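Listed here are the chains, written in short residue letters.
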Amino acid sequence: PVQATDADIFGAFLAQMGKAWDASDYRMCSFKHVFFDDLSTEAADGTLAPPTAQELQAKRAAAFAASDEALWSRADAHNPDPSRFCPVQLTGFQALQEKRREEKRRT
């Protein structure tokens, strides 16, 4: 058997740490969280109308494809209103900051 050197072990550790902070890899990045996007639209009378089935299905498919499957599925199982909300994974600090800006702009 080949003995791993300290340099080999440290190199593997550095590579793993790099992946843990790489927001472009939504499966390996350690900083990820699922939020619920409200897909409702405001009707003329001020009430919220749920999205069409096609809109909801398209958004769910796109969000699932860009998410850690286990994390997304767990969030989907706890979805407070599946007819309006879609789980969406944010990965990395930049994505969280963009979400915060968007929410601030909406309020």
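Residues numbered from 1 in each chain as written. Predicted model: local features only at pLDDT ≥ 70, side-chain atom pairs only at ≥ 80, totals over all residues. Heavy atoms only, no water.

K.L.:
Could you give an account of a nonpolar patch on the surface, naming the residues involved and the relevant values?
P.N.:
There is a patch of nonpolar side chains on the surface, built from Phe10, Phe13, Leu14, Met17, Trp21 and Phe93 and spanning about 670 Å² of accessible area. For the nonpolar patch, the leading source of residues is helix 1 (residues 6-20), giving four residues. By the secondary structure assignment, Phe10 is in helix 1. (Patch = residues over 30% accessible without salt bridge, like charges linked within 9 Å, V, L, I, M, F, W, Y side chains within 5 Å. Areas by Shrake-Rupley, 256 points an atom, 1.4 Å probe, with all protein chains shown as cover. Salt bridge = Lys/Arg side-chain N within 4 Å of Asp/Glu carboxyl O. Helix = DSSP H or I, 4+ residues; strand = E, 2+ residues; numbered from the N terminus.)

K.L.:
Outline the side chain of Asp68, supporting the account with residue identities and numerical values.
P.N.:
Looking at the element boundaries, Asp68 is found in the loop between helix 2 (53-65) and helix 3 (69-77). Within the local environment of Asp68, its side chain forms a polar contact with the side chain of Lys32, the two groups lying 3.1 Å apart. Among residues more than four places away in sequence, those in contact with Asp68 are Tyr26, Arg27, Lys32 and Gln89. (Polar contact = N/O pair within 3.5 Å; in protein donor to acceptor, adjacent residues only side chain to side chain. Contact = heavy atoms within 4.5 Å.)

K.L.:
Quick rundown of the nonpolar core? Include the residues and the values.
P.N.:
In terms of nonpolar packing, the biggest core is built from six residues, these being Leu39, Leu56, Ala63, Trp72, Cys86 and Val88. Among the elements of the structure, helix 2 and strand 4 (85-91) are those that each provide at least two residues to this core. Each residue touching Cys86, except ones within four places of it in the same chain, is listed here: Phe35, Phe36, Asp37, Leu39, Lys59, Arg60, Ala63 and Asn79. (Core = buried A, V, L, I, M, F, W, Y, C linked by side-chain atoms within 4.5 Å. Buried < 20%, exposed > 50% of the residue type's maximum accessible area, 1.4 Å probe, protein only.)

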